[in-house]
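Structural characterization, general
One-letter residues, chain by chain:
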Amino acid sequence: MAMPFSQFFREQWQELPIIPPKETCSGATHIITGANTRLGLEAARQLTAIGASRVILAARNLEPVVEVRPPDLNIHDSVKASAKQATDRLDRIDALIENAGAAYDRYTLAEDHEASATINVLSTFLLAVLLLPKLKESAKRFLSYHILSSSPAGPAG
Ligand SMILES: NC(=O)c1ccc[n+]([C@@H]2O[C@H](COP(=O)([O-])OP(=O)(O)OC[C@H]3O[C@@H](n4cnc5c(N)ncnc54)[C@H](OP(=O)(O)O)[C@@H]3O)[C@@H](O)[C@H]2O)c1
């Protein structure tokens, strides 16, 4: 059902940051790509602050944790390897936050496609599809899962 306009109008005046109750993320495992900087890093900080048990910072320049190698979105094999490790080695995945993205002012290729299309669309979609079974399996036990994408033209929002 559509939200009444009056409610929508009132909600625009909520004070930031909006802090969800700690139970929302309690015990949950989140994966955030591109979490070494800016929006991704801040998302990781916020999730930790509201009680997420495990926040996997999937960033190329960070040492892998729990033996999940971060994906390099230029390379599909890297995405596949990372998704497999996450599926095999994590007991649950509640949310995938696909924040990594890139824009180039020069035409370059990655995996036979223009590089930003490979990173922001193809690899982002590939990672989501490969992690979907684990997200769904976790959701059976823990009720819901989320895939969020902030890359410029990602597959899910
Ligand atoms: N900030 C904005 O105004 C804005 C607006 C619209 C959309 N966005 C999108 O929101 C997301 C975050 O933006 P931001 O400004 O916080 O971050 P950012 O400074 O653009 O950083 C992007 C992140 O993506 C990672 N990344 C780039 N290419 C990658 C690759 N091939 N494989 C794996 N990781 C890769 C980077 O890792 P490395 O450090 O290893 O390169 C970095 O962690 C991006 O997807 C951006 O396109 C941002």
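A brief structural summary. Predicted, not measured: the structure shown is a model, and the values here were computed from it. (Residues numbered from 1 in each chain as written. Predicted model: local features only at pLDDT ≥ 70, side-chain atom pairs only at ≥ 80, totals over all residues.)

Considering the overall build of the chain
Per the secondary structure count, the chain includes 4 helices and 6 strands. In the chain, the order of α-helices and β-strands from amino to carboxyl end is α-β-α-β-α-β-β-β-α-β. Taking 157 residues into account, the globule formula puts the C-alpha radius of gyration at 15 Å, and the chain, at 17 Å, falls close to it. The dimensions of the chain, computed from C-alpha atoms along their principal axes, are 50 × 35 × 30 Å. With 157 residues in all, the chain has 34% of them scored as buried. (Helix = DSSP H or I, 4+ residues; strand = E, 2+ residues; numbered from the N terminus. Rg over C-alpha atoms; globule rule 2.2 N^0.38 Å. Buried ≥ 20, exposed ≤ 12 C-beta atoms within 10 Å, placed from the backbone.)

Remarks on helix 3 (residues 76–89)
Given a rise of 1.5 Å per residue, 14 residues ought to cover 20 Å, and the 20 Å separating the end C-alpha atoms of helix 3 matches this to within 8%. Those residues of helix 3 that sit buried are Val-79, Ser-82, Ala-83 and Ala-86. Summarising the axial view, the buried residues of helix 3 lie within an arc of 100 degrees, below the 170-degree limit, and thus occupy one face. Across helix 3 from its buried face, at more than 90 degrees, point the exposed residues Asp-77, Asp-88 and Arg-89. Taken together, the buried residues of helix 3 touch strand 1 (29–33), strand 2 (54–58) and helix 4 (115–142). (Expected span 1.5 Å × (residues − 1). Arc of directions from axis to C-beta. Contact = placed C-beta atoms within 7 Å.)

Describing the site of the ligand
Near the ligand there are 21 residues, and of these Gly-34, Arg-38, Leu-39, Ala-100 and Gly-101 occur at the shortest range. The element contributing the most residues to the shell around the ligand is helix 2 (residues 38–49), with 3 residues. Here the residues of the shell around the ligand sort into 7 nonpolar, 11 polar and 3 charged. (Near = placed C-beta within 6 Å. Nonpolar A, V, L, I, M, F, W, Y, C, P; charged D, E, K, R; others polar.)

Side note on the nonpolar core
By size, the foremost hydrophobic cluster in this structure holds 31 residues, and its most contacted members are Ile-31, Ile-32, Leu-57 and Leu-96. Elements with a contribution of two residues or more to this core: strand 1, helix 2, strand 2, helix 3, strand 3 (95–98) and helix 4. With sequence-adjacent residues up to four places away left out, Leu-96 is seen in contact with Ile-31, Ala-128, Leu-131, Leu-135 and Ile-147. (Core = buried A, V, L, I, M, F, W, Y, C linked by C-beta atoms within 7 Å.)

Considering the environment of Arg-54
For Arg-54, the position within the fold is in strand 2. Sequence separation of Arg-54 and Leu-90 is 36 residues, and the distance between their C-alpha atoms is 10.0 Å.

Examining the pairing of strand 3
The two faces of strand 3 match: Ala-95 and Ile-97 on one face and Leu-96 and Glu-98 on the other face are all buried. Judged from the 3 bridges that link them, strand 1 and strand 3 form a sheet pairing that is parallel. Bridge pairing links His-30 to Ala-95 in strand 3. Bridge analysis of strand 3 against strand 6 (residues 146–149) gives 4 bridges, and the strand direction is parallel. Of the residues in strand 6, the one forming a bridge with Glu-98 is Ser-149. (Pairing = 2+ DSSP bridges.)

Focus on the packing of helix 3 against helix 4
Axis separation between helix 3 and helix 4 bottoms out at 9 Å; the angle between their running directions is 20 degrees. If you check the angle between helix 3 and helix 4, you find them roughly parallel. Handedness of the helix 3/helix 4 crossing: right-handed. Between helix 3, through His-76, Val-79, Lys-80, Ala-83, Ala-86 and Thr-87, and helix 4, the contact on the second element is made entirely by Ser-123, Leu-126, Leu-127, Leu-130, Leu-131 and Lys-134. Looking at the contact of helix 3 with helix 4 residue by residue, the classes come out as 7 nonpolar, 3 polar and 2 charged. (Axes fitted to C-alpha atoms, helices over the stretch in contact; angles between N-to-C directions. Parallel < 35°, antiparallel > 145°, perpendicular 65-115°, else oblique. Left-handed = near helix turned anticlockwise from the far one by under 90°.)

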